[in-house]
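Architecture and fold: a report
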Amino acid sequence: MTTQPRDLVRPRMRTDMAFLETPDGMYVRGRGDGFFIRGAGAYRYLSALLPHLDGTTRLSDLLAGIPKAQAASVRSLITTLASRGVVTDAPESGVVLEPELRERFSGQIALLEHHGDDGSGFLRAAAARVLVVCDEPGQAGALAGALIANGIGSARGGWVRTAGASSAATVVVGSASRTVNGDSAALAVGDADVICLVAADRPSPELFGLAERARAAGVAFVSLVRVGDRLVLGPWQPGGSTVATVRSAMLRMSDNAVPGSGDMWLAAGGGSSAVAAPAVLPSAAATIAVSVTGFEIFKLLTGRIPSDLEDSVVIVDPDRLTIHVEPLIPHPAATRAPLAGLGGDGRAFGAEGQASSDEAYQRFKQVVADHVGIMRRFEDDDVSQIPVKISALIAPSADPDPIVAFGTGTLIEARLSALEEASLRYAVNLHRRCPGLLPPAPEDAEVVAAERVRSRLGGAPLPGDSLVAGIDLSALVSIDGAAAISEGTVTLGLPRSAVLTGPWDRRAARFEPDLVGVAAGLSLRAAVSRALLSAVGAYTVAAIAGDEVRVTIVNDFAATGERTGEGTGPGAGVSDGTGPDEGAGPSRGAGDGDPQRLDRVAMLVREAREDGCRITFYQAHGVAPVAIVRVIGAAGDELVVRQGRSWLEAAESALLAIVGTRRLASSPTGWTATCPPAAPVLTGFTLSPDESSDPAGTIDDETLIARLRRAGLRAGAVVLTPPDLVGVTNVVRVLLFREERR
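The numbering scheme is per chain: residues are counted from 1 as the chain's sequence reads. Where totals are concerned, whole chains, interfaces and linings use all residues; where local detail is concerned, this predicted model gives features only for residues with pLDDT of at least 70, and gives and counts side-chain atom pairs only at 80 or more. As a rule here, side-chain values come from all non-hydrogen atoms in the structure, and water together with hydrogens is ignored.

1. A short note on the sheet that holds strand β16 (residues 389–394)
Pairing is antiparallel in the open sheet, where three strands are placed in the order β15-β16-β17. Each of the sheet's edge strands pairs with one partner strand only, and the pair in question is β15 (377–378) and β17 (403–407). Whether two residues touch is decided by their heavy atoms; if any such pair falls within 4.5 Å, the residues are in contact. The axes are straight lines fitted to the C-alpha atoms, using for helices just the contacting stretch, and the angles between their N-to-C directions are given from 0 to 180°. Helix and strand assignments follow DSSP, with helices taken as H or I runs no shorter than four residues and strands as E runs no shorter than two, numbered in order from the N terminus. Contacts between helix α15 (residues 411–433) and the sheet are confined to β15, β16 and β17, with β16 contributing the most and set at about 35 degrees to the helix. Strands β16 and β17 of the sheet are contacted by helix α20 (residues 647–665), whose axis makes an angle of about 120 degrees with β17. The pairing criterion for strands is at least two bridges between them, as found by DSSP.

Quick look at the structure:
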């Protein structure tokens, strides 16, 4: 932004500029660009003017007494510099600083003026009272010195104190110091403006207690602590704040299984003796971290320069001596906020959320960070991405194993699938740790007893089980599929144990011990739709296993009724490889009319048969479109089953799992198992003879709901989106339950 010459009252030269004399004028460099000012006397004029261009001298006074011709040249030079932003106008009513402070801290004052400070920001830092708590005198003194060198605590009433956890403290005022006896850390907490805890050598038992005392006293708190082989600075915890706290940061690191994070909690509970002494870090690392801490506190106290500690932490790698910043999203277990609401991201239930994969992927960037993110990082750079895309997400908060997802389009699409899978697993984990789901309104909610929940295990009730608010999808889905989720649509009370059941319950499971019926999506509508399909797909597969639905062979996806054989059992209808076809691939007239999907399926079929495998495709005629793919090869006989909006979509998903798993097994990662979205397992089925198959056509939510109704079932949805994922994605679980007998 340039300054108009007519507005200049107190011209001030920016401090980040350089000037070089040239034969015909002067070259000016700074602010990312450079330019020439022509005129033999330009450099001489500027050299004489520089001492006066500090914002303290009025332009009118500067030009007074100068001959008219020279005054015109000076004004022209200043006008040119102002038009390029090199000269700015100092505030007319700036804060008057004491001459001693202005002289001692001219560099700091100039830096802040460069960022628009009129002196009040520096004076705020100079009058601040900062308590440094550290058991290592060298580190405490280094931080205190860095703070004082920047002018913090240098004005009347300001001070910088260093104190051990329970030892005597040194009070530093300006450049003088004296010793004060007593537990100064405890006594001075309420008197300070900022408390900084430094524990760069080993975990500190005082971290959480001191942070909580500072919060209760309305005092800002910041820490520089060692976590494993890293030094972690921040976040900045404003006085009284319960949002971005050091407890949130440590909870995130614990969730992410960061080495050394568990020692922080051990030290807080059992003292320093509860933690083994860690290896000594390079001394330069602590020096760098302390210097960064001092400057960040200076930026925060002045309020003029954005700080890297605002809702973030700074990670120092002692071995590489590198520094990087990671955004910190408050952990729900530290904020004591409600864990879920019904609004999700506020989008309408009927809004399809037609955003691209790129937009959805970009939303997740804010929650992916190696130390304090909800998810840590991707480790798929060494995995071959041909012919399928394979993403591998490290997210210990969701699952201890890498979360692997496959795709046929771009790597971003595969990564988005992994991020959404991690989100739903994280949401269920969080709700199991921190009870906080909304209860149903007792006056109008229909209570769904545990026995009514559709499950392979029958749904045994849990003593003392609570109810959570659910949405009756049967009442919401209208002819056009558009309705809104609001407080008034909560008409169900569903068993909490059924809503949060999962693989963790296998040893004592009362409901389906898997994550079927859970899904994440950019919009709430998309998440509900995916979760409904997942739940209905699992129900359909269970019906296949119980011989409750017909299963037919799909020959070349052509919907012609042609067979490659007849019989019963999963092996029925498989030719010896000499016949005209064995489900070898799609024909152009087949499927759901999507030529791109047909091409992808054909490509996957070719890849799946590369090793001489024989493939047969089956269609289940149940509530949801389900494809069964049988692969016979050197590794044995395998059945892969998936559901989809169409049979061809389901077949593509099954083939993708087959090909992707093979490629992953041959990659250098060493992973032997994947963590794909929950899929039903099918061990056998009965083949229906003399029945035509029709893989064409898609199914919508209304049809699924109507088919469930005819089967005597209804669907209820529970929003599981935790507060730290609001605005990123939506997580929903759909349970199927039987109509109540009257």
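Anyway, onward from the coordinates.
2. A word on the side chain of Ser307
With respect to the helices and strands, Ser307 occurs in the loop between α12 (283–302) and β13 (312–317). To sort residues, take the accessible area from a 1.4 Å probe on protein chains only and compare it with the maximum for the residue type: under 20% means buried, over 50% means exposed, and anything in between is partly exposed. Relative accessible area serves as the criterion here: at 10%, Ser307 is assigned to the buried category. Within the structure, the side chain of Ser307 is placed 2.6 Å from the side chain of Glu296, a separation counted as a polar contact. The definition of a polar contact used here is a pair of N or O atoms within 3.5 Å, where within protein one atom must be able to donate a hydrogen and the other to accept one, and adjacent residues in sequence count solely through side-chain atom pairs.

3. A closer look at the pattern of salt bridges
Counted as salt bridges are all cases of a side-chain nitrogen of Lys or Arg within 4 Å of a carboxyl oxygen of Asp or Glu. For the coordinates displayed, the defined rule picks out 30 salt bridges. The salt bridge partner of Asp255 is Arg433, with a shortest N-O separation of 3.0 Å. Within this pair, whereas Asp255 is found in helix α10 (residues 246–255), its partner Arg433 is found in helix α15, the two being separated by 178 residues in sequence. Using a relative accessible area of 44% as the deciding quantity, one classes Arg433 as partly exposed. The partner of Arg452 in a salt bridge is Glu446, and the shortest N-O contact between them spans 3.1 Å. Of the residues examined, Arg452 reaches a relative accessible area of 10% and is grouped as buried. Each member of the salt-bridge network shares a partner with another, and the members are Glu446, Arg452, Asp472, Arg709, Arg714 and Glu739.

4. Regarding unusual backbone geometry
Each neighbour pair has its own omega, and for Gly234 with Pro235 the value is 5 degrees, a cis peptide bond. For Pro235, the position within the fold is in the loop between β12 (230–233) and α10. Residues Ile386 and Pro387 are joined by a peptide bond in cis, for which omega reads 5 degrees. Its place among the elements puts Pro387 in the loop between β15 and β16. If you check the backbone angles, Asp311 has positive phi at about 60 degrees while not being a glycine. By secondary structure assignment, the location of Asp311 is in the loop between α12 and β13.

5. Quick look at the environment of Thr683
Mapping Thr683 onto the fold places it in the loop between α20 and α21 (701–710). Put simply, Thr683 and Val640 are 43 residues apart on the chain and 9.2 Å apart in space, counted from C-alpha to C-alpha.

6. Looking at the sheet that holds strand β4 (residues 33–38)
Ordered by their spatial adjacency, three strands build an open sheet running β2-β3-β4, and the pairing between neighbours is antiparallel. Two strands lie at the open edges of the sheet, namely β2 (18–22) and β4, each paired on one side alone. Adjacent strand axes in the sheet meet at a mean angle of 20 degrees, parallel and antiparallel pairs treated alike. Examined bridge by bridge, strand β3 (residues 25–30) and β4 share six bridges and lie antiparallel to one another. When the bridges of β4 are listed, Gly25 appears paired with Arg38.

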